[in-house]
Amino acid sequence: MNPSTTQARVIVDELVRNGVRHVVLCPGSRNAPLSFALHQAEQKGLLTVHVRIDERSGGFLALGLAKTGEPAVVTCTSGTAVANLHPAVIEAQLTNVPLIALTADRPVDLYRTGSSQTINQHDVLGIPTLHMPEGAGEAVTRSLICRAVATDGPSHVNVPFRPPLTPSDDQWPSSDRGAWTETDRTFTVETRPSTLPARTLVLLGDDRPERLLEASRLGWPVIAEPTAPGGLRHGSLLLNAGLPEHLRPDAVLVVGRVTLSRGQQTLLGAAPIVHAVGDQAQWPDVPFTATRASTWLPEPAALDGEWLQAWQSAVKSVSVAVDDLLDAAPWPTGLHVARDLVQAMPSGSLLFVGSSNPIRDVDFASERRSDVVVHANRGAAGIDGSVSTAIGLAWQHEGPAYALMGDLTFLHDSNGLLADRLPDLTIVVLNDDGGGIFSLLEQGAPEYGGSFERIFGTPHGTDLTALCAGYRIPHSTVDDQEEFRSAIASPKGLQVVEVQAKRDELRALHQRLKATVSNVFSR
């Protein structure tokens with residue numbers, strides 16, 4: 001079976017499993033795989049197909065079918081056919097009608113080539129587009145269809161198809177989820193409150209504060225990104241090192257966007273149940289592993305006291321081992337500075353953390369303090385605008401304010417210091433003269449040493465003392481731990497505290513850190 005036919009059949013099957021019973025089909029060439037799959041489903045009695053030759057009329061027919069509150073689909077070919085659905089989508093958006101526009105597209109390599117019936121179909125209907133990757137696997141395909149059905153109001157799913165566009169057999173997709181019934185849940189979307197197993201692990205990312213706080217109090221072990229409340233110290237380290245069998249969960253509850261640790265993604269890929277909680281427009285399922293998703297937290301389930309105690313014991317042992325490792329390593333590294341800063345901040349402080357290494361250093365090394373609020377730009381996770389963001393937060397915060405960022409992040413927004421009024425804010429710059437984050441990624445491996453500094457390390461040699469003097473901003477450079485603690489003790493006015501570090505041993509230190517955590521479990 002060719003990939004386009006396979007994907008189209010899975011799409012239609014998942015629509016049926018989500019309760020869609022009416023589809024308006026506007027004939028075309030590029031949506032032929034969907035047309036064949038829809039006809040096959042109708043022949044099996046799974047749904048009703050309404051054929052319309054005019055996309056504008058087809059869109060409004062689907063609107064009428066969906067006005068009862070049950071989602072209805074209109075599908076069409078690529079190009080201007082898609083634009084003709086816009087009037088109906090506008091009406092659906094203003095009246096919150098669950099109309100799903102399922103549009104076929106040309107493969108992305110045909111964009112801007114003059115190919116027939118090829119336009120940029122992303123967001124062309126005035127609502128965010130869920131773009132289906134070409135030839136996506138079953139999990140991704142079903143998850144995106146579920147997301148479209150779960151969206152309040154209209155949604156747009158755009159699917160590129162590559163020839164051949166006609167089927168060579170009449171097989172129907174099989175799934176380990178079993179056939180759809182009215183009482184079964186769908187592949188991803190949970191339609192009613194549910195419980196989770198006693199051995200559930202909670203991952204917290206960026207989300208509404210009240211929901212994060214509620215999730216942190218359910219009683220299960222919590223691994224929280226620094227911007228979320230609570231969480232076990234060194235939780236991400238445990239995930240990155242690989243959880244031993246006795247700590248592995250039977251389910252993972254994900255609240256908000258968790259994007260910081262590769263260990264998180266490994267855990268989600270292996271968990272039997274992944275319940276994602278977040279807003280429907282962007283539910284937290286980056287690796288498409290969620291088996292169910294909702295906008296509410298699951299009902300509290302029974303807790304496994306022995307398992308909880310095992311987690312607490314593991315975290316305690318890891319904390320001792322990590323602190324011993326850092327105490328024995330030469331100061332400073334980003335891990336040292338993050339740990340010392342969070343530990344030394346007065347109660348009621350605010351901390352803004354820059355992207356790349358600093359946010360991970362805080363995640364890996366620092367304690368979790370309920371009396372300190374942590375912010376970071378984790379939406380797109382860029383390094384731009386960090387100085388200005390920290391200044392804005394400091395203006396709004398009643399209490400001591402700090403920022404921790406790398407040298408490239410600081411330099412990228414040094415013009416943020418050019419202001420008529422500045423708040424009380426201490427900016428700690430971990431200056432390792434370049435892109436330290438790349439030392440920890442694949443391109444930082446020894447075999448790429450010949451090109452690393454030139455294209456990834458990018459040493460700049462900037463004199464931050466002179467730069468800050470040009471902005472008339474107080475600046476100090478500290479050389480040891482005690483001097484650092486003294487420099488951050490009195491956050492009056494805006495000041496920059498620079499800590500100079502080296503990248504040479506950074507990769508080796510993180511390898512020892514991971515090995516230290518692994519060794520705790522092998523004793």
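Quick note: structure is the one above.
Per chain, residues are indexed from 1 in the order of the written sequence. Reporting in this predicted model follows two pLDDT cut-offs: at least 70 for local features of residues, and 80 or more for side-chain atom pairs to be given and counted; totals over whole chains, interfaces and linings ignore these cut-offs and use all residues. Just so you know, side-chain values use all the structure's heavy atoms and leave hydrogens and water out.

*Asks:* I tried to follow the overall build of the chain on my own but got confused; where do I start?
*Replies:* Helix and strand assignments come from DSSP, with helices taken as H or I runs of at least 4 residues and strands as E runs of at least 2, each series counted from the N terminus. Looking only at helices and strands, the chain has 18 helices and 17 strands in total. In terms of its C-alpha atoms, the chain occupies a principal-axis envelope of roughly 75 × 55 × 50 Å. Between buried and exposed lies partly exposed: a residue is buried under 20% and exposed over 50% of the maximum accessible area for its type, with that area taken using a 1.4 Å probe on protein chains only. Relative to its 523 residues, the chain shows a buried fraction of 53%. Should any heavy atoms of two residues lie within 4.5 Å, those residues are considered in contact. For the chain, contacts bridging at least 24 residues in sequence account for 74% of all contacts bridging at least 6. Considering the chain, the positive charge centre built from 42 side chains and the negative charge centre built from 58 side chains are found 3 Å apart. Charge counting follows a simple rule: Lys and Arg are positive, Asp and Glu are negative, and His as well as the terminal groups are ignored. Where a charge lies is defined by one atom per residue type: Lys uses NZ, Arg uses CZ, Asp uses CG and Glu uses CD.

*Asks:* Got a minute to help me understand unusual backbone geometry in this structure?
*Replies:* Keep in mind that most residues, glycine aside, have a negative phi and that most peptide bonds are trans. Omega for the bond connecting proline 163 with proline 164 falls within 30 degrees of zero, at 5 degrees, which places this linkage in the cis form. Along the chain, the position of proline 164 falls in the loop between strand 6 (155–160) and strand 7 (200–204). Across the junction of tryptophan 331 and proline 332, the peptide omega takes the value 10 degrees, indicating a cis bond. By secondary structure assignment, the location of proline 332 is in the loop between helix 10 (305–328) and helix 11 (334–344). Although it is not a glycine, aspartate 123 adopts a positive phi angle of roughly 60 degrees. Summarising the element assignment, aspartate 123 is placed in the loop between strand 4 (99–105) and strand 5 (129–131). One non-glycine residue, threonine 458, lies in the positive phi region at around 40 degrees.

*Asks:* Looking at this model, I keep getting lost on the packing of helix 10 against helix 18 (residues 506–522). Mind explaining?
*Replies:* Relative placement of two packed helices is described by the angle separating their axes and the distance separating the axes. Convention adopted: a line fitted to C-alpha atoms gives each axis, helices being fitted over their contacting stretch, and angles between N-to-C directions are expressed from 0 to 180 degrees. One way to put it is that helix 10 packs onto helix 18 with a least axis distance of 9 Å and a crossing angle of 140 degrees. The hand of the helix 10/helix 18 crossing is right-handed. Between helix 10, through Ala314, Ser317, Val318, Ala321, Val322 and Leu325, and helix 18, the contact on the second element is made entirely by Arg512, Leu513, Thr516, Val517, Val520 and Phe521. Amino acids outside the nonpolar list (Ala, Val, Leu, Ile, Met, Phe, Trp, Tyr, Cys, Pro) and the charged list (Asp, Glu, Lys, Arg) are all regarded as polar, and Gly is one of them. Looking at side-chain class alone, the contact of helix 10 with helix 18 contains nine nonpolar, two polar and one charged residues. Helix crossings are classified by the rotation of the near helix relative to the far one: an anticlockwise turn of less than a right angle makes the crossing left-handed, while a clockwise turn makes it right-handed.

*Asks:* I'm lost on the sheet that holds strand 1 (residues 22–25) in this one. Help?
*Replies:* What holds strands together in a sheet is hydrogen bonding between their backbones, with the strands either parallel or antiparallel. Reading across the sheet, the six strands line up as 2-1-3-4-6-5 and stay open at both edges, with parallel pairing between neighbours. Two strands bound the open sheet, and with one partner strand each, they are strand 2 (48–51) and strand 5. Across this sheet, the average inter-strand angle for adjacent strands is 25 degrees, counted without regard to direction. As defined by bridge partners, strand 1 adjoins strand 2 across four bridges and the pair is classed as parallel. Bridging across to strand 2, histidine 22 finds its partner in threonine 48. The strands touched by helix 6 (residues 138–150) are strand 4, strand 5 and strand 6; relative to strand 5, the strand with the most contacts, the crossing angle is about 165 degrees. At least two bridges found by DSSP between two strands is the condition for calling them paired.

*Asks:* For this particular structure, what's the right way to read the layout of surface pockets?
*Replies:* It is the rolling of a water-molecule-sized probe over the atoms that shows where space remains empty. The computed volume of the largest pocket comes to approximately 660 Å³. Lining the largest pocket are 22 residues, and of these Asn240, Arg262, Phe364, Leu440 and His510 sit closest to its centre. Listing elements by their share of the lining of the largest pocket, those giving two or more residues are helix 8 (235–241), helix 9 (262–270), helix 12 (357–365) and helix 18. If one sorts the elements of the lining of the largest pocket by residue count, helix 18 sits on top with five residues. Tallied by class, residues from the lining of the largest pocket come to eight nonpolar, eight polar and six charged. A pocket, in this scheme, is an open set of points on a 1 Å grid over the protein atoms alone with protein on both sides within 12 Å along at least 5 of 7 lines, while a cavity is a set where a 1.4 Å probe fits but cannot get out; residues line either one if an atom lies within 4 Å of a point. Grid points are joined across faces, edges and corners, and a volume is the space filled by probe spheres set on the points.

*Asks:* Would you take a moment to explain the packing of helix 10 against helix 11 for this structure?
*Replies:* For the pair helix 10 and helix 11, the least separation of the axes is 10 Å and the interaxial angle reads 115 degrees. Classified by chirality, the crossing of helix 11 by helix 10 is left-handed. Within the contact between the two elements, helix 10 uses Asp323, Leu326 and Asp327 and helix 11 uses Leu335, His336 and Arg339. Split into classes, the residues belonging to the contact of helix 10 with helix 11 amount to two nonpolar, one polar and three charged.

*Asks:* Looking at this model, I keep getting lost on the nonpolar core. Mind explaining?
*Replies:* Nonpolar side chains tend to gather and get buried jointly when the protein is soluble and globular. Counting 37 residues, the largest nonpolar core has Leu203 and Trp311 as the members making the most contacts within it. Among the elements of the structure, strand 7, helix 8, strand 9 (251–255), helix 9, strand 10 (274–277), helix 10, helix 12 and helix 18 are those that each provide at least two residues to this core. Among the elements that line this core, the one with the most residues is helix 10, at nine residues. Once you skip the residues sitting within four places of it in the chain, leucine 203 turns out to touch Ile223, Leu239, Val252, Leu253, Val254, Val255, Val258, Gln264, Leu267 and Leu268. Among buried residues, the Ala, Val, Leu, Ile, Met, Phe, Trp, Tyr and Cys ones that are joined through side-chain atoms within 4.5 Å form a nonpolar core. With 31 residues, the next largest nonpolar core counts Ala32, Ile100, Ala148 and Phe161 among its residues.

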